[in-house]
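Examining the three-dimensional arrangement
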Amino acid sequence: MPTQLAPGVWEIDTLLSGWERITAGYLIEGPAPVLIETGSQSSVPALLAALRVLGLAPGELAGIAVTHIHLDHAGGVGDVARAFPHATVYVHERGARHLADPERLVRSAAQVYGSLLDSLYGRLDPTPPERIHVLADGEQITVGPGRTLTTVDSPGHAKHHLALHDSGSGILFAGDAVGVRLPDVGVLRPATPPADFDLDQALESLRKFAERRPAGIALAHYGLLTNPTELLGEAEDALRHWAEVALGAWRAGRDIDEALEARFGHELDGADPLARQRHETVNGIHANAAGLRRWIESTGAGQGGAGQGGAPPAAPDSGP
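Residues numbered from 1 in each chain as written. Predicted model: local features only at pLDDT ≥ 70, side-chain atom pairs only at ≥ 80, totals over all residues. Heavy atoms only, no water.

1. With respect to the side chain of threonine 38
In this structure, threonine 38 sits in the loop between β4 (34-36) and α1 (44-53). For threonine 38, a relative accessible area of 0% translates into the label buried. A distance of 3.2 Å separates the side chain of threonine 38 from the backbone nitrogen of glycine 76, its partner in a polar contact. A polar side-chain atom of threonine 38 sits 3.4 Å from the main-chain amide nitrogen of valine 77. (Helix = DSSP H or I, 4+ residues; strand = E, 2+ residues; numbered from the N terminus. Buried < 20%, exposed > 50% of the residue type's maximum accessible area, 1.4 Å probe, protein only. Polar contact = N/O pair within 3.5 Å; in protein donor to acceptor, adjacent residues only side chain to side chain.)

2. Things to note about the sheet that holds strand β1 (residues 3-6)
Strand order in the open sheet formed by seven strands is β1-β2-β3-β4-β5-β6-β7, with mixed pairing between adjacent strands. Each having just a single partner strand, β1 and β7 (132-135) make up the two edges of the open sheet. Averaged over all pairs of adjacent strands, the angle between strand axes in this sheet comes to 25°, irrespective of strand direction. As paired strands, β4 and strand β5 (residues 63-65) are joined by three bridges and run parallel to one another. Across the sheet, leucine 35 pairs through a bridge with isoleucine 64, a residue of β5. Across the sheet, α1 lies against β2 (9-13), β3 (24-28) and β4, angled at about 145° from β2, the strand it touches most. (Pairing = 2+ DSSP bridges. Axes fitted to C-alpha atoms, helices over the stretch in contact; angles between N-to-C directions. Contact = heavy atoms within 4.5 Å.)

3. A word on the environment of proline 126
Along the chain, proline 126 turns up in the loop between α6 (116-121) and β7. Measuring from C-alpha to C-alpha, the distance between proline 126 and aspartate 237 comes to 38 Å, with 111 residues separating the pair along the chain. Look past the residues within four positions of proline 126 in its chain and what remains in contact with it is Gly78, Leu99, Ala100 and Pro102.

4. Here we look at the nonpolar core
Counting 65 residues, the largest nonpolar core has Leu27 and Leu99 as the members making the most contacts within it. Broken down by element, this core gets its largest block of residues, five residues, from α1. The contact partners of leucine 99, leaving out residues within four places of it in the chain, are Val66, Ile69, Ala74, Val77, Val89, Val91, Leu124, Asp125, Pro126, Thr127 and Ile132. Leu206, Ala235, Ala243 and Ile296 belong to the second largest nonpolar core, which has 36 residues in total. (Core = buried A, V, L, I, M, F, W, Y, C linked by side-chain atoms within 4.5 Å.)

5. Things to note about the sheet that holds strand β11 (residues 171-173)
Spatially, six strands are ordered β8-β9-β10-β11-β12-β13 in an open sheet, and the strand pairing comes out mixed. Edge positions in the sheet fall to β8 (140-144) and β13 (223-225), since each of these pairs with one other strand and no more. Each adjacent strand pair in this sheet contributes to an overall mean axis angle of 25°, direction not counted.

6. So, a nonpolar patch on the surface
Among the surface-exposed residues, Val112, Tyr113 and Leu116 lie close enough to one another that they form a single nonpolar patch of about 280 Å² accessible area. Assignment of secondary structure puts leucine 116 in helix α6. Of the residues examined, leucine 116 reaches a relative accessible area of 39% and is grouped as partly exposed. (Patch = residues over 30% accessible without salt bridge, like charges linked within 9 Å, V, L, I, M, F, W, Y side chains within 5 Å. Areas by Shrake-Rupley, 256 points an atom, 1.4 Å probe, with all protein chains shown as cover. Salt bridge = Lys/Arg side-chain N within 4 Å of Asp/Glu carboxyl O.)

7. Here's the deal with the pattern of salt bridges
Summed over the entire model, instances satisfying the criterion amount to 11 salt bridges. With a shortest N-O distance of 3.1 Å, arginine 82 and aspartate 125 are connected by a salt bridge. Taken together, the residues span a long stretch of sequence, with arginine 82 in helix α3 (residues 77-83) and aspartate 125 in the loop between α6 and β7 at a distance of 43 residues. Aspartate 137 is the partner of lysine 208 in a salt bridge, and the nearest nitrogen-oxygen pair spans 3.8 Å. Here aspartate 137 lies in the loop between β7 and β8 and lysine 208 lies in helix α7 (residues 199-211), a separation of 71 residues in the sequence. According to the relative accessible area criterion, aspartate 137 is partly exposed, its value standing at 49%.

8. A word on a positive patch on the surface
A contiguous patch of positive charge on the surface is contributed by Arg94, Arg97, Arg104, Lys159 and Arg294. Owing to a relative accessible area of 45%, arginine 294 belongs among the partly exposed residues under this scheme. (Lys, Arg positive; Asp, Glu negative; His and termini not counted. Charge placed at Lys NZ, Arg CZ, Asp CG, Glu CD.)

All we've got here are geometric facts, nothing functional implied.
Written as structure tokens, this is what we have:
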């Protein structure tokens, strides 16, 4: 069942592969309601059922916004756009062409996920180009009188990532830019996947979030957190710490994956084994290691430090 987070804000568990509290979508109510995140294509039946519970008729949804085009966030866009034929699809300019013609995106995902693609995520059906609206940084989507969603261009996790700040509730819908914190695990882990992860951009995105002084931050994985200042500080520390460990391993000729596992794998030791497995599926050390490795090699960070400013400051031994 949907959960009301604030007046006019509903959290919807999109039930990735039937798993609870892994992937979330959010409905912002008003005369022109907007859905933020569709979840994967495999999540569409659960999402549509939740929207029916909320009383949303096929002609009533005005907008479908995705924070970025990874399949666990946007895989259902084509299906949901068909179900709500009057909804405008909002996306970052770097992601728009992939929603209109998803063949390349799906092919790349198939190379990464193999058989998991269909069994866990599904594919991505195309969205008619005339239904797509490219969002600029700072653009506002009107939900109703006195209520807008302001976009925040927030690369780092992905170059096609944006967040949305609700003027009504003060909640910032942050996608994956702050990281992953599943309720059944309780550990905030950065999301640094290939091919676009960039440390400097990720840190700058966190600073932009802090400048907006949100009342709370809603993660796609998973849910609303009401301590934004503390959360953003924790997210910055985690990013710097993971990058430091990856850089140290790279410079020493050691395997980054093994170094990250040795340093951070224990953080999930207290979690239920099934919860841990699901966390690793959506935000595994292997994927984060691959993204950090690509960042080091593509930016030259391993030669002079992290990004433009040298090596990241040492993180505390206790971890993020």
